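Understanding the architecture of this molecule
These are the residues of each chain, in order.
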Amino acid sequence: PFITVTTTDALRQLIVEMKKRPACAIDTETTGLNPLQADLVGISIAVQEGTAYYLPCGHKTDAEQLSQKEIIDALKPLLEDPTYKKYMHHAKFDQLVLKRAGIDVRGLAFDTLIAARLVARDWQKISLKDLSEHYLGESMLSYDEVVKANKLKNFSYVPLSIATLYAAADAHQTLRLKKIFEQELRKEKLDELYRDIEFPLIQVLYAMELQGIFCDKNVLKSLEISVAQELAIIEKQIFALVGDVYGAINLNSPKQVEELLFQHLQLPPQKKSGSSNRLSTDQEVLEALSALHPVPGLILKYRELAKLKNTYLDALPQYINPVTGNIHTTFSQTVVATGRLASSDPNLQNIPTGSVWGGEIRAAFKPKSGHVFISADYSQIELRVLAHLAQDQNLINAFLQGHDIHAETAARLFDVPLSDVTTEQRQIGKRINFSVLYGLTPFGLSQDLKIPFKDAKIYIEKYFAQYPAVSVWMEHVVDTCKKQGYVETFWGRRRYVPGIYEKNKSLYDLAKRVAINTVAQGTAADIMKMGMIRVHELLNAKNLDAHIIVQIHDELLVTASLEHASQVEMLMKTALEQIVSWSIPLVATTRSGSSWKEVSK
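The structure reproduced in this document is the subject of the present report.

About the thresholds
Residues numbered from 1 in each chain as written. Predicted model: local features only at pLDDT ≥ 70, side-chain atom pairs only at ≥ 80, totals over all residues. Heavy atoms only, no water. Helix = DSSP H or I, 4+ residues; strand = E, 2+ residues; numbered from the N terminus. Buried < 20%, exposed > 50% of the residue type's maximum accessible area, 1.4 Å probe, protein only. Contact = heavy atoms within 4.5 Å. Areas by Shrake-Rupley, 256 points an atom, 1.4 Å probe, with all protein chains shown as cover. Lys, Arg positive; Asp, Glu negative; His and termini not counted. Charge placed at Lys NZ, Arg CZ, Asp CG, Glu CD. Salt bridge = Lys/Arg side-chain N within 4 Å of Asp/Glu carboxyl O. Pairing = 2+ DSSP bridges. Axes fitted to C-alpha atoms, helices over the stretch in contact; angles between N-to-C directions. Left-handed = near helix turned anticlockwise from the far one by under 90°. Nonpolar A, V, L, I, M, F, W, Y, C, P; charged D, E, K, R; others polar. Disulfide = S-S within 2.5 Å. Expected span 1.5 Å × (residues − 1). Arc of directions from axis to C-beta. 1 Å grid on protein atoms, 1.4 Å probe; cavity = no way out; pocket = protein on both sides within 12 Å on 5 of 7 lines; lining within 4 Å. Points joined across faces, edges and corners; volume = space filled by probe spheres on them. Parallel < 35°, antiparallel > 145°, perpendicular 65-115°, else oblique.

Some details on the overall build of the chain
The number of helices and strands found in the chain is 22 helices and 17 strands. In terms of its C-alpha atoms, the chain occupies a principal-axis envelope of roughly 80 × 65 × 60 Å. Expressed as a percentage of the 601 residues in the chain, the buried residues total 52%. Nonlocal contacts in the chain, meaning residues at least 24 apart in sequence, comprise 65% of its contacts between residues at least 6 apart. Surface summary for the chain: the accessible area is close to 27,400 Å², and the carbon and sulfur share equals 52%. Of note, the chain has its 67 positive side-chain charges centred 1 Å away from the centre of its 69 negative side-chain charges.

As for the pattern of salt bridges
Here the structure, examined in full by the defined rule, presents 45 salt bridges. Residue Glu-284 is joined to Lys-271 by a salt bridge in which the shortest nitrogen-to-oxygen separation is 3.0 Å. Of the two residues, Glu-284 is situated in helix α11 (residues 283-289) and Lys-271 in the loop between α10 (254-264) and α11; the sequence distance between them amounts to 13 residues. In this structure Glu-284 comes out as partly exposed when scored by relative accessible area, which is 44%. A relative accessible area of 31% places Lys-271 in the partly exposed class. Note that Arg-340 is salt-bridged to Glu-382, the shortest N-O span being 3.5 Å. Within this pair, whereas Arg-340 is found in the loop between β9 (330-332) and β10 (342-344), its partner Glu-382 is found in helix α14 (residues 381-390), the two being separated by 42 residues in sequence. Look at Arg-340 and you get partly exposed, because its relative accessible area is 23%. Here the salt bridges do not stand alone but share partners, grouping Glu-49, Glu-138, Arg-176 and Lys-179 into one network.

Some words on the sheet that holds strand β11 (residues 365-366)
If you walk across this open sheet you meet the 3 strands as β8-β7-β11, and the pairing is antiparallel. The outermost strands of the open sheet, each flanked by one partner alone, are β8 (326-327) and β11. Relative to β8, strand β7 (residues 213-215) is paired through 2 bridges, and the arrangement is antiparallel. Bridge pairing in β8 places Ile-213 opposite Ile-327.

Some details on the packing of helix α17 (residues 423-437) against helix α18 (residues 442-449)
Packed helices, taken two at a time, are described by the angle their axes make and the gap between the axes. One way to put it is that α17 packs onto α18 with a least axis distance of 12 Å and a crossing angle of 145°. The two elements α17 and α18 meet at a crossing, and its hand is right-handed. Facing Ile-428, Arg-431, Ile-432 and Ser-435 of α17, the residues of α18 in contact are Leu-445, Asp-448 and Leu-449. Its residues assigned to classes, the contact of α17 with α18 shows 4 nonpolar, 1 polar and 2 charged.

A short note on the sheet that holds strand β6 (residues 108-111)
Ordered by their spatial adjacency, 6 strands build an open sheet running β1-β4-β3-β2-β5-β6, and the pairing between neighbours is mixed. Of all the strands in the sheet, the pair left with one neighbour each is β1 (2-4) and β6. Each strand axis lies, on average, 25° off the axis of its neighbour in the sheet, ignoring direction. With 3 bridges connecting them, strand β5 (residues 85-88) and β6 associate as parallel partners. Residue pairing across strands places Tyr-87 opposite Phe-110, the latter belonging to β6. Along the sheet face, helix α2 (residues 68-79) touches β2 (23-30), β3 (40-48), β4 (51-56) and β5 and points at about 40° away from the line of β3.

Concerning the state of the cysteines
Going through the model one piece at a time under the given rule, you end up with 0 disulfides. There is no disulfide at Cys-57, and the cysteine sulfur nearest it, in Cys-24, is 16 Å away.

Focus: the pairing of β3
Of all 9 residues in β3, 8 are buried, a share of seventy percent or more. Sheet topology places β2 next to β3; 6 bridges connect them, and they run antiparallel. Its bridge partner being in β3, Ala-25 is matched across the sheet by Ala-46. Bridge count for β3 against β4 is 5 bridges, and the pairing is antiparallel. Its bridge partner being in β4, Ile-45 is matched across the sheet by Tyr-53. The loop that links β3 with its antiparallel partner β4 comprises 2 residues; one of these, Gly-50, has a positive phi angle of about 110°.

Overview of helix α19 (residues 453-466)
With 14 residues, α19 should reach 20 Å at 1.5 Å per residue; the first-to-last C-alpha distance of 20 Å fits that figure. Taken together, the buried positions of α19 are occupied by Ala-456, Tyr-459, Ile-460, Tyr-463 and Gln-466. Buried residues of α19 fall within an arc of 125° about the axis and therefore sit on the same side. Those residues of α19 that are exposed and aimed more than 90 degrees away from the buried face are Lys-454 and Ala-465. In this fold, the buried residues of α19 make contact with α14, α15 (393-400), α16 (405-413), α17, α18 and α20 (468-484).

Structural notes on the layout of surface pockets
Counted as a void, the largest pocket has a volume near 1,300 Å³. Together, 43 residues line the largest pocket, and Gly-32, Leu-33, His-89, His-90 and Phe-93 are the ones closest to its centre. Breaking the lining of the largest pocket down by element, the ones donating at least two residues are β2, α3 (91-101), α4 (112-119), α5 (128-136), α7 (160-187), α8 (191-211) and β9. Element by element, the count of residues in the lining of the largest pocket is highest for α3, at 5 residues. Counted by class, the lining of the largest pocket contains 16 nonpolar, 18 polar and 9 charged residues. Of the volumes computed, that of the second largest pocket is approximately 1,100 Å³. What lines the second largest pocket is a set of 36 residues, among which Arg-340, Lys-430, Phe-434, Asp-554 and Lys-601 lie closest to the centre. Per-class residue counts for the lining of the second largest pocket are 12 nonpolar, 12 polar and 12 charged.

Structural notes on the packing of α10 against helix α12 (residues 294-313)
At a minimum axis separation of 11 Å, α10 and α12 run at an interaxial angle of 165°. On the basis of their axis angle, the class for α10 and α12 is roughly antiparallel. Handedness of the α10/α12 crossing: left-handed. From α10, Val-257, Leu-260 and Leu-261 reach across to α12, where they touch Val-295, Pro-296, Ile-299 and Arg-303. Looking at side-chain class alone, the contact of α10 with α12 contains 6 nonpolar, no polar and 1 charged residues.

Here it is in structure tokens:
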């Protein structure tokens, strides 16, 4: 019994029904997947099991429907009332849609998507349709069945009778699943993680996405011209070296590059490409061949620039919102198994920092007039987490004494005083410090540092002799994983690792690395999430003109007015450093500047 609300009387009656109960489940239908650009098509509401309502307002059919204004005006008082509870599946999306329509939703009480991610296994799908099937044994209509199968442009063209069956079910099943997930979270002892970290983070990410970040398309355009010129120069250099025969080669074609390198230039093949019988021309191969001929090195440079052009310079302007003038990325809490946040459409966590061009792309991201950017990043957060979890005294002492941890590791590896560690030795120390967390093998380290296998093996053995409790902790993580089938972060986030029971050594070794890395990286991710929540709360409580706009794993980017900048910078540093009261101090480094480039580390 799903009800289509298309008259003023029916709408009035729904409001009466809603007021009889303390909560409702709510969902929106739109013309697209971008919540800040798609149009609202309808809203579905469920207040009790057994019935649900669909309020169409943007369908392009001949059927009678109420105007968006009438529906928004009627729902606004209840949806903006913080004491009236709302349950949603992927609340952030619906909140952004409703905000654009004129409703600032308050009183969010449960998000079934976020709860599902904590409870479900990595490989389980957590869409509402999949959860309904899995937990309730009930199939729901899919978007493909309703829209794509009928060759409709979007949901606004769906007839109201079908739209009601599809949309009202979303609210109805969300209401039912809410009860199930509350019990599941308690049963799995994940309710605190949900309540203290994942649930409050929804509002932080909502505010970040709503704010967006300004990107100067003129800067991108001039960069794009420079990169195109640079690509043309590299092409000419390659053609000059290979002769007229290959004057028209397409450097973006692996097949043509393969012919150029191994037939025309007669360079020695290195390896096959995947399952095909073709010779590989990947980065590793080109790096190896660069020692023999200048062309592979130039192709590497060409590919790097072409990727930069395609991925950022050509793509970023397409993401600029025509109304706000900002780029509004999407942050997800449910994509990365370790608990890290992911950014998409576009991925702002992936803009390169190491290259000159990466820095220039970041220069295009600027605060609005009268504001500055402030960045704060945790210094060596995962190694500090490792020191706390493993309780290794040498590692703890290095942090307590404020030593450069990479130089400290190098000094012990090379048996030299701390003051005599060279830049090259420190780099090896740094690589090994981080490699350990990712389970790098002697073979992997030898490839990475381009050193003999035996030297890499000695380095790793000396590392564990230097920090013996780290090795003990790693063995404990693996043993625990074998016993229970999963690992947990410091705050109880779970990741199931079925590969830990593999007989195949490669798959088993991979599972061990996943287990160890998940505990360290996942704990660091939880610290950053708590830091974000705290900073967001403090900025609001102190009524400062400042907003978190981007998170890049161990780094936060905030925009602040010049008037409040110094106060905000101090607030960020203090808040992030005081998230935990461990014996190992957390250290956050802050920078301020007039572009993202200026505040990048």
